[in-house]
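# Secondary and tertiary structure notes
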Amino acid sequence: MIIVLKPDVTEKEINHIIDKLKEYGLKPHVSRGEERVIIGAIGDERQLASQPLSIFPGVEKVMPILSPYKLVSREFKKTDSIVEVAKGVKIGGKKVHVMAGPCAVEKQDLLVHIAQAVKEAGATILRGGAFKPRTSPYSFQGLEEKGLEFLVEAKKKTGLPIVTEVVDPRDVALVAEHADILQIGARNMQNFRLLTEVGAYDKPVLLKRGLSATIKEFLLSAEYVMARGNHKVILCERGIRTFETATRNTLDLSAVPVIKGMSHLPIIVDPSHATGRWELVVPLARAAVAAGADGIMVEVHQNPEEALCDGEESIKPNKFKTMMSEIRKIADAIGREV
Ligand code: PEP
Ligand code: MN
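Keep in mind that this is a model prediction, so the values were computed, not measured. Think of each chain on its own: its residues are numbered from 1, step by step along the sequence as written. To read the labels, note that chains go from A and ligands from 1, taken in the order they are written. Given that the model is predicted, a residue must reach a pLDDT of at least 70 before its local features are reported, and side-chain atom pairs must reach 80 or more before they are shown or counted; all residues, however, enter totals for whole chains, interfaces and linings. For the side-chain quantities, the full set of heavy atoms in the structure was used; hydrogens and water were omitted.

### Points about the overall build of the protein
A helix here means a DSSP run of H or I that spans at least four residues, while a strand means a run of E at least two residues long, and both kinds are numbered starting from the N terminus. Looking only at helices and strands, one finds 10 helices and 14 strands in the protein. In terms of overall dimensions, the protein has a C-alpha envelope of 75 × 45 × 40 Å along the principal axes. Taking all 338 residues of the protein together, the buried fraction comes to 51%. Shrake-Rupley sampling with a 1.4 Å probe provides the accessible areas, and residues are treated as covered by the protein chains on show and by no other component. For the protein, the exposed area adds up to about 15500 Å²; of that, 53% sits on carbon and sulfur atoms. With 47 positive and 44 negative side-chain charges, the protein shows a spacing of 3 Å between the two charge centroids. Exposure categories follow from relative accessible area, calculated using a 1.4 Å probe and restricted to protein chains: below 20% of the type maximum is buried, above 50% is exposed, and the middle band is partly exposed. For the charge count, each Lys or Arg is scored as positive and each Asp or Glu as negative, with His and the chain ends excluded. Think of each charge as sitting on NZ of Lys, CZ of Arg, CG of Asp or CD of Glu.

This is the structure:
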């Protein structure tokens, strides 16, 4: 950390800052220029997070060197992390994994049909919401425990591991019993109690980016999970809120290479929630693979008109099959596979 002092700083103020740095185990280096005094602090400055030096008398500005997060950062781990979600299903390696299924789990036979269709087309993970965090309290809230049972049945029939959302810290144990991946939805990205709770489990976590979260906030949320001990975190870019109204959200594709530079964690893209329009899902899935995403999450439904949730952004199995053959070629062109 570099601390630039005000031109009129006094010796007493300098010593006060030095004492504070030493108290936190940092080594101060004072550099006295003609006009300014600058203090360089060597050590892990994150320990000073609760002591904002910028408000100390005599301080003009503080420039952090380290990122505010630690475990998620590339500085902490140089190589890409690979999260194994089931036997042979590893996210973050050469293979780009596709998670597909309905927005919400509805009926048992419907779910099995979708699962079989997406598996046949090459999906490796089944998605489906049993606990639905809906914007309106009057919208379908999900089948809850029954939905989890339907997912397990579909897994038995197809062998596909399942990813499903948990919205309440009190439900984590139940969802973890059934799911292979615990999804934290965009609306809960900063539900720190929930993040801490899933952090206590030895189960992969799919953390979706919050509706208006910066990349820094997103990574700090991942840090919450990892700080509790669970390092199996997969990030998911699912669009952020902007002034644009033509799409439900704006897909921030640059987040993929930006995050890859900042963190070792795998990152996938959800073009369904990012756009809210089924006709945009395939082009953005193609773009996501080209941008280097480690996976794609797509909503698929046989009959989107009848879907209880997000029918407008769900693609039919046929379209999904076309998407798979297209992204396969793109993955191949960049040395990856689908
Ligand atoms: C979902 O994937 O079911 C979902 C609700 O997505 P998001 O949290 O990104 O809105
Ligand atoms: Mn949805």
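### So, the nonpolar core
Only buried residues count toward a nonpolar core, which is a set of Ala, Val, Leu, Ile, Met, Phe, Trp, Tyr and Cys residues joined through side-chain atoms within 4.5 Å. Ranked by internal contacts, the top residues of the largest apolar core, which has 70 residues, are Leu207, Leu235, Phe320 and Met323. Any pair of residues with heavy atoms lying within 4.5 Å of one another is described as a contacting pair. Beyond its immediate sequence surroundings of up to four residues, Phe320 is in contact with Val98, Ala100, Val118, Ala121, Ala123, Val298, Val300 and Ile315. With 16 residues, the next largest nonpolar core counts Val37, Leu48, Leu53 and Phe56 among its residues.

### Notes on the domain arrangement of the protein
What fixes the domain bounds is an automatic or database domain assignment. Structurally, the protein comprises domain 1 (2-63) and domain 2 (83-333). Inter-centroid distance (C-alpha atoms) of domain 1 to domain 2 is 44 Å.

### Structural notes on the site of ligand 1
Around ligand 1 sit Arg127, Lys132, Glu165, Gln183, Gly185, Ala186, Arg187, Lys208, Arg238 and His273, and those are all the residues in its vicinity. Pairs of N or O atoms are called polar contacts if they sit within 3.5 Å, as long as, within protein, a hydrogen donor faces a hydrogen acceptor (for residues adjacent in sequence, only side-chain-to-side-chain pairs). Between an oxygen atom of ligand 1 and a side-chain N or O atom of Lys208, the distance comes to 2.8 Å. Protein chains shield 97% of the accessible area of ligand 1, which is 290 Å² for the free molecule. Of the two site types, the cavity is a set of points on a 1 Å grid over the protein atoms alone where a 1.4 Å probe fits but cannot get out, and the pocket is an open set with protein on both sides within 12 Å along at least five of seven lines, each lined by residues with an atom within 4 Å of a point. The way we define it, a molecule is inside a pocket or cavity when more than half of its atoms are within 2 Å of that pocket's grid points. For ligand 1, the cavity whose grid points lie within 2 Å of the majority of its atoms is the second largest pocket. For the shell around ligand 1, the per-class residue count stands at 1 nonpolar, 3 polar and 6 charged. Any residue with a heavy atom lying within 4 Å of a molecule or strand is counted as near it. The residue classification treats Ala, Val, Leu, Ile, Met, Phe, Trp, Tyr, Cys and Pro as nonpolar and Asp, Glu, Lys and Arg as charged. All others, Gly included, are polar.

### Overview of the confidence of the model for the protein
Per-residue confidence for the protein gives a mean pLDDT of 96, with 100% of residues at or over 70. Of all helices and strands in the protein, the one with the weakest mean pLDDT is strand 3 (residues 37-42) (92), whereas strand 12 (residues 233-237) scores best (99). Scored from 0 to 100, pLDDT reflects the predictor's confidence in each residue.

### Focus on the pairing of strand 9 (residues 162-165)
Along strand 9, one buried face is formed by Ile162 and Thr164 and the opposite face, lined by Val163 and Glu165, is buried too. Strand pairing follows a simple DSSP-based rule, namely that at least 2 bridges must link the two strands. Two elements, strand 8 (residues 125-127) and strand 9, share 2 bridges in a ladder whose sense is parallel. The residue bridging Arg127 from the neighbouring strand is Val163, located in strand 9. Handedness of a crossover: with both strands directed away from the viewer, a clockwise path from the first strand across the helix to the second marks it as right-handed. A crossover connection joins strand 8 to the parallel strand 9 through helix 3 (residues 145-158); in handedness this β-α-β unit is right-handed. When strand 9 meets strand 10 (residues 181-184), the two strands line up parallel, connected through 3 bridges. When the bridges of strand 10 are listed, Val163 appears paired with Ile181. Assessed by its sense of winding, the connection that carries the chain from strand 9 through helix 4 (residues 172-178) to strand 10 is right-handed.

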